[in-house]
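# Overview (structure and organization)
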Amino acid sequence: MEVIVLPDADRIATLVADAYARRVHANPATVLGLATGSSPLKIYRELIRRCSDGLSFGSASAFLLDEYIGIPRSHEQSYYSVIRSEFTDQIDISADRVFSPNGEADDIPAESERYDRAIADAGGVDIQLLGIGTDGHVGFNEPGSSLASRTRIKTLTEQTRDDNARFFSSINDVPRHVLTQGLGTILEARKVILVAMGAGKAEAVAAAVEGPLSAFCPASVLQLHPNAAVIVDEAAGSALEMVDYYKNSYFHKPDWQKL
Ligand code: GLP
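Residues numbered from 1 in each chain as written. Predicted model: local features only at pLDDT ≥ 70, side-chain atom pairs only at ≥ 80, totals over all residues. Heavy atoms only, no water.

Another aspect to go through is the overall build of the protein. When you go through the protein residue by residue, the secondary structure sums to 8 helices and 10 strands. In terms of C-alpha radius of gyration, the protein reaches 17 Å, essentially the compact-globule figure of 18 Å for 259 residues. With respect to the three principal axes, the spread of C-alpha positions in the protein is 50 × 40 × 35 Å. Per-residue burial over the protein gives 55% buried out of 259 residues. Considering only contacts in the protein between residues 6 or more positions apart, those separated by 24 or more positions represent 78%. Summed over all atoms, the accessible surface of the protein reaches about 11200 Å², with 51% contributed by carbon and sulfur. Between the mean site of the 24 positive side-chain charges and the mean site of the 35 negative ones, the protein shows a separation of 4 Å. (Helix = DSSP H or I, 4+ residues; strand = E, 2+ residues; numbered from the N terminus. Rg over C-alpha atoms; globule rule 2.2 N^0.38 Å. Buried < 20%, exposed > 50% of the residue type's maximum accessible area, 1.4 Å probe, protein only. Contact = heavy atoms within 4.5 Å. Areas by Shrake-Rupley, 256 points an atom, 1.4 Å probe, with all protein chains shown as cover. Lys, Arg positive; Asp, Glu negative; His and termini not counted. Charge placed at Lys NZ, Arg CZ, Asp CG, Glu CD.)

So, in structure tokens, the structure goes:
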């Protein structure tokens, strides 16, 4: 894993937006892997700004990581609604090429298989953005998730429901179940970029990067990915033992090797 420690969220947004823009320039039909949550928001704002400066997602498509079960797609907190309002409705990507798992499906196992197939049929995700939960989850793969898992239903931990309660009027309104790409699905993306900001993520980041490969910290599965980057601000990187090494090695990298 490439670990990059930057001073703040603005610097992270610029670096990750650069990586997205480079891929979309090289291949306009890039398949984007998008994440919800607050961590990617500045990145999305930066990409929206670049779109008004000429960057185009007109031939791209996008796949979301996950979705709640138990609220309709039209709910303002469904991940489909959130990604549209925060990002894809503000760029020139075609709305019918923004895909998400359907948490309203009658047959959840069939929908899960369909979603994995849809990603594969699109040629696979070229660049996947990830946040990390305070319990180490990626997507909604909670601790205990199989490291080889595919898209499927998961039950949220109370910690995750509590973390996400800020988006709902009360914790009682936070769904208990979700559909999420599996860790095995996520590993198939050609490039994975995990971003984390703030001291609240420091333990999860350290466990993911320097801890053992373990289903107990689902984000540690990225240790198996040949092309994964973990980009954190100083606070989120504060529990990393080898933080000075990561800083130096990034600083000494030639430009062509960066992201
Ligand atoms: C949610 C999402 C994750 C996200 C995580 C962290 O549970 N399913 O994809 O990475 O929360 O969210 P935040 O970036 O708001 O801290």
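For Asp 116, the location among the structural elements is in helix α4 (residues 108-121). On the basis of relative accessibility, which here comes to 12%, the residue Asp 116 falls in the buried class. Contact partners of Asp 116, with chain neighbours within four places excluded, come to Arg 150, Thr 151 and Thr 185. A polar side-chain atom of Asp 116 sits 3.3 Å from a polar atom in the side chain of Thr 185. (Polar contact = N/O pair within 3.5 Å; in protein donor to acceptor, adjacent residues only side chain to side chain.)

Turning to the site of the ligand, a few remarks are in order. Lining the immediate environment of the ligand, one finds 14 residues, of which Ser 38, Ser 39, Asp 66, Arg 166 and Lys 201 sit closest. Arg 166 is positioned with one of its side-chain polar atoms (N or O) 2.9 Å from an oxygen atom of the ligand. Look at the ligand: alone it shows 390 Å² of surface, and the protein chains cover 94% of it. Among the cavities detected, the one that contains the ligand is the largest pocket. Each residue belonging to the shell around the ligand can be placed in one class, and the counts come to 3 nonpolar, 8 polar and 3 charged. (Near = heavy atom within 4 Å. 1 Å grid on protein atoms, 1.4 Å probe; cavity = no way out; pocket = protein on both sides within 12 Å on 5 of 7 lines; lining within 4 Å. Sits in = over half its atoms within 2 Å of the grid points. Nonpolar A, V, L, I, M, F, W, Y, C, P; charged D, E, K, R; others polar.)

Quick look at α4 now. Taking 1.5 Å per residue, 14 residues should reach 20 Å; α4 reaches 20 Å between its end C-alpha atoms and fits that length. All of the buried residues along α4 are Ile 108, Glu 111, Ser 112, Tyr 115, Asp 116 and Ile 119. For α4, the buried positions fall inside an angular range of 135° around the axis, keeping them on one side. Of the exposed residues in α4, those oriented more than 90 degrees away from the buried face are Pro 109, Glu 113, Ala 120 and Asp 121. Buried residues along α4 sit against β3 (61-64), β4 (66-69), β5 (98-99), β7 (152-155), β8 (177-180) and α6 (183-187). (Expected span 1.5 Å × (residues − 1). Arc of directions from axis to C-beta.)

Bringing the environment of Val 178 into the picture now. Looking at the secondary structure, you find Val 178 in strand β8. What makes Val 178 buried here is its relative accessible area of 0%. Setting aside anything within four residues of it in sequence, one finds Val 178 in contact with Glu 67, Tyr 68, Ile 69, Phe 140, Arg 152, Ile 153, Lys 154 and Leu 156.

Here the focus is the sheet that holds β4. Two orientations exist for strands paired in a sheet by backbone hydrogen bonds: parallel and antiparallel. The antiparallel open sheet is built from 3 strands, whose spatial order is β4-β8-β7. Every other strand in the sheet has two partners, leaving β4 and β7 as the edge strands with one partner each. Across the sheet, the axes of successive neighbouring strands diverge by a mean angle of 30°, strand direction being ignored. The sheet contact formed by β4 and β8 spans 4 bridges and is antiparallel. (Pairing = 2+ DSSP bridges. Axes fitted to C-alpha atoms, helices over the stretch in contact; angles between N-to-C directions.)

What follows covers the sheet that holds β3. Spatial ordering of the open sheet is given by β1-β10-β9-β6-β2-β3-β5, a layout of 7 strands whose pairing is parallel. Among the strands making up the open sheet, the edge pair consists of β1 (2-6) and β5. Bridging between strand β2 (residues 31-34) and β3 involves 4 bridges; their strand directions are parallel. Looking across to β3, one finds that Leu 32 is bridged to Ala 62.

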